[in-house]
Number of protein chains: 2
Amino acid sequence: MISLTGEQIAEMEKQYRISLINSLIGYRSLNLLGTTSNDGITNLCLISSTFHLGANPPLVGLVIRPEREHNDTLRNIKSTGQYTLNNVLPEWYMQAHQTSASYPSGLSEFDACGFKKQYVKDFKAPFVGNSNVRIGLELREVIDMEINGTTIVIGEIVRILTDDSLIAEDGTVDHSKAETMTAAGLDTYFLPQPVGRLAYAKPGIEPHLLKDNTRSLI
Amino acid sequence: MISLTGEQIAEMEKQYRISLINSLIGYRSLNLLGTTSNDGITNLCLISSTFHLGANPPLVGLVIRPEREHNDTLRNIKSTGQYTLNNVLPEWYMQAHQTSASYPSGLSEFDACGFKKQYVKDFKAPFVGNSNVRIGLELREVIDMEINGTTIVIGEIVRILTDDSLIAEDGTVDHSKAETMTAAGLDTYFLPQPVGRLAYAKPGIEPHLLKDNTRSLI
């Protein structure tokens, strides 16, 4: 058993600490974040810090690292007020990873990494045509985190583009059928296998699988 | 293909919308959140809104829903300034789900759901002895979200309790070996299978698997 303290974490070699801390909380939501500048130059980057904030209104948060010279994403979100989140599929996850390369401003990762732009009416930001679960968001709040220079971006879901067959009767997205991937740490990609769908938990009732669990997991 | 607008989402039946919105962003970090009151009454709840905020200092964020009568977690975090995050394993994921049942105040979910409390020196909050990747955090910031009444809690990682064999040479936690689970939506649990570990992305270089990919995925 290892038991590490804050002091020991602070003394770690930088890259070792980055790998450790990035992987501690487990698997993370994995999406391609699509934006456009007001001049129509699109941008695409891989993001694994997306979190559910609430269902009514439908809100999602994500973390953007401190602005660097080539970090166009935050600038685009602020200037257009719109962005998209698109799931990552096994067929092209390597190209999705490639969007994290430091391309020069003016070159779109859509073009550099071979992704298809998809647009819908009255919405500026580009969706990823290659994905099968796509969300369009409008910026609601920007929280500048003084503690480490990152920015938490809160957006409201105003578009959902997906296939009928991927939404279960109760509204849940079937990510297993969609083949949505997940990531842990900085560079390792995974495809989850369903284990069980559980009934709503109540005190005094033993936890149990939903009756239709064997037929379909969602 | 379905294409939904914000208006259509707002008009959905409440439970359908909750299931849909909760599952849109894909797989989520899954942890048991352990706290204690100043009186020593422990609390344990399942949380899937944890996100990575930064590695230096090592910061993690999570979302807590609006305070209800029985929501002791936020009160405990605020009053003691400490909490723990513990990974969920297949052997007992049903008990972990059961912590979301609405137990009366004063009854600890550790006891009600059969979890083993684990304590370390100079740290008040209880870890889950049944987990194999455990993080101890100190509260750094509380952000009250006016937009929907939730609270974003930012904490610094000050303890790590795990097994030596679960940390790879480069510092990455091997969640595949640990058998850490993930969740999508409200009630479905998954065990991810590794697909590939990729090399650091650079412009002009085709994305590729790391050389040691076949030997070990992390």
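Below, the structure is looked at part by part. The structure presented is a predicted model; accordingly, all values stated were derived computationally and were not measured. (Residues numbered from 1 in each chain as written. Chains lettered and ligands numbered in written order. Predicted model: local features only at pLDDT ≥ 70, side-chain atom pairs only at ≥ 80, totals over all residues. Heavy atoms only, no water.)

Points about the overall build of chain A
Reasoning step 1: On a plain count of helices and strands, chain A comes out with six helices and twelve strands.
Reasoning step 2: On C-alpha atoms alone, chain A measures out to a radius of gyration of 19 Å, which is about the 17 Å that the 2.2 N^0.38 rule sets for 218 residues.
Reasoning step 3: With the principal axes as the frame, chain A shows a C-alpha extent of 55 × 50 × 35 Å.
Reasoning step 4: Here the contacts in chain A between residues at least 6 apart in sequence split such that 56% fall between residues at least 24 apart.
Reasoning step 5: When the accessible surface of chain A is summed, it comes to about 9,000 Å², and 47% of that surface belongs to carbon and sulfur atoms.
Reasoning step 6: Here chain A carries 19 positive and 25 negative side-chain charges, and the mean point of each set is 4 Å from the other. (Helix = DSSP H or I, 4+ residues; strand = E, 2+ residues; numbered from the N terminus. Rg over C-alpha atoms; globule rule 2.2 N^0.38 Å. Contact = heavy atoms within 4.5 Å. Areas by Shrake-Rupley, 256 points an atom, 1.4 Å probe, with all protein chains shown as cover. Lys, Arg positive; Asp, Glu negative; His and termini not counted. Charge placed at Lys NZ, Arg CZ, Asp CG, Glu CD.)

Observations regarding the interface of chain B and chain A
Reasoning step 1: Listed as interface residues are 107 residues of chain B and, on the opposing side, 106 residues of chain A.
Reasoning step 2: Buried surface at the junction of chain B and chain A, both sides included, amounts to about 8,900 Å², of which 66% is carbon and sulfur.
Reasoning step 3: Contact with chain A buries surface across chain B, with Ile25, Tyr27 and Ile160 of chain B losing the most and accounting together for 9% of the total.
Reasoning step 4: For the pair chain B and chain A, the interface holds two salt bridges.
Reasoning step 5: For Asp187 of chain A, the salt bridge identified is with Arg197 of chain B, shortest N-O distance 3.2 Å. (Buried area = accessible area lost by both parts, 1.4 Å probe. Salt bridge = Lys/Arg side-chain N within 4 Å of Asp/Glu carboxyl O.)

Brief notes about the sheet that holds strand β12 (residues 188-197) of chain B
Reasoning step 1: Strand order across the open sheet formed by four strands is β11(A)-β12(A)-β12(B)-β11(B), with antiparallel pairing between neighbours. Strand pairing shows two members of the sheet lacking a second neighbour, β11 (182-184) of chain A together with β11 (182-184) of chain B, which therefore form its edges. Across the sheet, the axes of successive neighbouring strands diverge by a mean angle of 50 degrees, strand direction being ignored.
Reasoning step 2: Sheet analysis places strand β12 (residues 188-197) of chain A next to β12 of chain B, joined by nine bridges and oriented antiparallel. (Pairing = 2+ DSSP bridges. Axes fitted to C-alpha atoms, helices over the stretch in contact; angles between N-to-C directions.)

A closer look at the environment of Gly81 of chain B
Residues and elements named next belong to chain B.
Reasoning step 1: Mapping Gly81 onto the fold places it in the loop between α3 (72-80) and β6 (82-87).
Reasoning step 2: For Gly81 and Thr35, which are 46 residues apart along the polypeptide, the C-alpha to C-alpha distance reads 9.4 Å.
Reasoning step 3: Apart from the residues lying within four places of it in its own chain, the contact partners of Gly81 are Asn76, Leu137, Glu138 and Leu139.

Points about the pairing of strand β8 (residues 123-128) of chain B
Residues and elements named next belong to chain B.
Reasoning step 1: Along β8, five of the six residues are buried, which leaves the element largely enclosed by surrounding structure.
Reasoning step 2: Relative to β8, strand β7 (residues 117-120) runs antiparallel, the two being bridged by three bridges. Paired with Lys117 across the two strands is Val128, which belongs to β8. (Buried < 20%, exposed > 50% of the residue type's maximum accessible area, 1.4 Å probe, protein only.)

What about unusual backbone geometry?
Negative phi values dominate among residues other than glycine, just as trans dominates among peptide bonds.
All names here are of chain A.
Reasoning step 1: Across the junction of Asn56 and Pro57, the peptide omega takes the value 0 degrees, indicating a cis bond.
Reasoning step 2: Turning to its location among the elements, Pro57 is positioned in the loop between β4 (51-55) and β5 (58-64).
Reasoning step 3: If you check the backbone angles, Asp122 has positive phi at about 60 degrees while not being a glycine.
Reasoning step 4: Within the secondary structure layout, Asp122 lies in the loop between β7 (117-120) and β8 (123-128).

Focus on the state of the cysteines
All names here are of chain B.
Reasoning step 1: Taken as a whole and judged by the stated rule, the model has zero disulfides over all chains.
Reasoning step 2: Considering cysteine sulfurs only, Cys113 is the nearest to Cys45, which forms no disulfide, with 11 Å between them.
Reasoning step 3: The class for Cys45 is buried, based on a relative accessible area of 19%. (Disulfide = S-S within 2.5 Å.)

A short note on the relation of the copies chain B and chain A
Reasoning step 1: Expressed as a screw operation, the relation of chain B to chain A combines 0.0 Å of axial shift with a rotation of 180 degrees, fitting to an RMSD of 0.0 Å. On this basis, the relationship between the two copies can be described by a two-fold rotation axis. Within chain B, the C-alpha atom positioned nearest to the axis of rotation is that of Pro192 of chain B, 1.8 Å from it.
Reasoning step 2: The share of interface residues of chain B whose copies in chain A are also at the interface is 99%, consistent with both copies meeting through the same surface. (Least-squares fit on C-alpha atoms with pLDDT ≥ 70 in both.)

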